[in-house]
Amino acid sequence: MREVIMSHGVFGGIELREESLRRLSFFLKIEEIQLISLVSLSRALNAEWFLDIGANVGFYSLVMGKYSRHVRGLAFEPTPETYKQLRDNLSSSSLASRFSAINAAVSGARGSLQFYDFGDCSGRNGVVSTSIHRRDGVKSVIDVPAVTLDEVCSHLVDRRCVLKIDTEGHEAEVIRGGRKFLRDNTCIVQIEAGHGNGGGAIDSELSGLMYSPLFEIGPDRYYSNCQDYFQSEVRLDLLERALKDTLKFRWNQDMEVW
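In every chain, residue numbers begin from 1 and rise along the written sequence. For a predicted model such as this one, the threshold for reporting local features is a pLDDT of at least 70, and the threshold for listing and counting side-chain atom pairs is 80 or more; totals across whole chains, interfaces and linings nevertheless cover every residue. Side-chain metrics in this entry use all non-hydrogen atoms of the structure; hydrogen atoms and water are not considered.

Peer 1: How should the pairing of strand β12 (residues 212-217) be read in this particular structure?
Peer 2: Taken residue by residue, a regular strand's side chains alternate between the two faces of the sheet. Strand pairing is assigned whenever DSSP identifies at least 2 bridges connecting the two strands. Put simply, DSSP marks the helices as runs of H or I at least four residues long and the strands as runs of E at least two long, and each gets a number from the N terminus on. Relative to strand β13 (residues 220-224), β12 is paired through five bridges, and the arrangement is antiparallel. What sits directly across from Ile217, in β13, is Asp220. Linkage of β12 to β13, two consecutive antiparallel strands, is achieved through a turn of two residues, within which Gly218 is found at a positive phi near 60 degrees.

Here's what the structure looks like:
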């Protein structure tokens, strides 16, 4: 399938598979601010690793890799069709040596999970038992492999990591399977928790791991265990930087690469 090089905005200079472009305009409508904010937070933390959990076709990973040239990444996507686009997008970019695509769901235990596939790389795809979506429109129910963060990331200790968790209702299970990883590393976590998908359970899990909330943008909440960010004035400064970076792209300016 043909590759297209984007010419402007946060995706300027990034190569995308042509079929992935069908999702891009919708993605930018609902997640552009969150995406740029997470890159800005990653820069403030001087992150070493980015974990893209529920990566879809890889928009977060591609932009994070563009602006964070020393960051390494793992992108998890369980749906086979979507995973193929993710893999192709990463392999066709300059990120192939730093980012790896993993065809699995991230959960609370290793094994197999039933998974809704709505087709066309839908952002509604998710684990049957925890999905926040009605079954109407499901193309198929498939079995997908499940892994845990503690298993896959056992080699990461005392690192600076940024996580994006968007698993359509399965977020608390992701955290439960990554408790050791989240304790052993300094992290910033962006997690979609504002659609009625277990926000209380997420807060409880992360609070028990000594994570504090930073702020919210739309349905996404931001947490960290970095004590430098616990002061309210520091959190406001982080948010202000993120919003300034967002405005740069609205004015067709580029963001600093680090």
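Peer 1: What is the right way to look at the pattern of salt bridges in this model?
Peer 2: Oppositely charged side chains are able to pair whenever their charged atoms sit close together. One side-chain nitrogen of Lys or Arg within 4 Å of one carboxyl oxygen of Asp or Glu is enough to make a salt bridge. In this structure the tally under the stated criterion is 15 salt bridges. As a salt-bridge pair, Lys180 and Asp184 come within 2.6 Å of each other at their nearest N and O atoms. Here Lys180 and its partner Asp184 are both found in helix α6 (residues 179-184), four residues apart, which amounts to about one turn of the helix. Residue Lys180 is classed as partly exposed on the basis of its relative accessible area of 44%. Relative accessibility under 20% of the residue-type maximum defines a buried residue, over 50% an exposed one, and the middle range a partly exposed one, all with a 1.4 Å probe and only protein chains included. For Asp184, a relative accessible area of 22% translates into the label partly exposed. Within the structure, one salt-bridge network assembled from shared partners comprises Glu173, Arg176, Arg179 and Glu205.

Peer 1: What is the right way to read the environment of Thr79 from this model?
Peer 2: The residue Thr79 is located in the loop between β4 (72-76) and α3 (80-91) in this model. With 37 residues separating them along the chain, Thr79 and Tyr116 place their C-alpha atoms 8.8 Å apart. By the convention used here, residues are in contact when the closest approach between their heavy atoms is within 4.5 Å. Not counting chain neighbours up to four residues away, the residues in contact with Thr79 comprise Asn103, Phe115, Asp117 and Asn125. Looking at Thr79, its side chain comes within polar contact range of the side chain of Asn125, at 3.5 Å. Here a polar contact is recorded for every N or O atom pair within 3.5 Å, except that within protein the pair must consist of a potential hydrogen donor and a potential acceptor, and residues adjacent in sequence are included only if both atoms are side-chain atoms.

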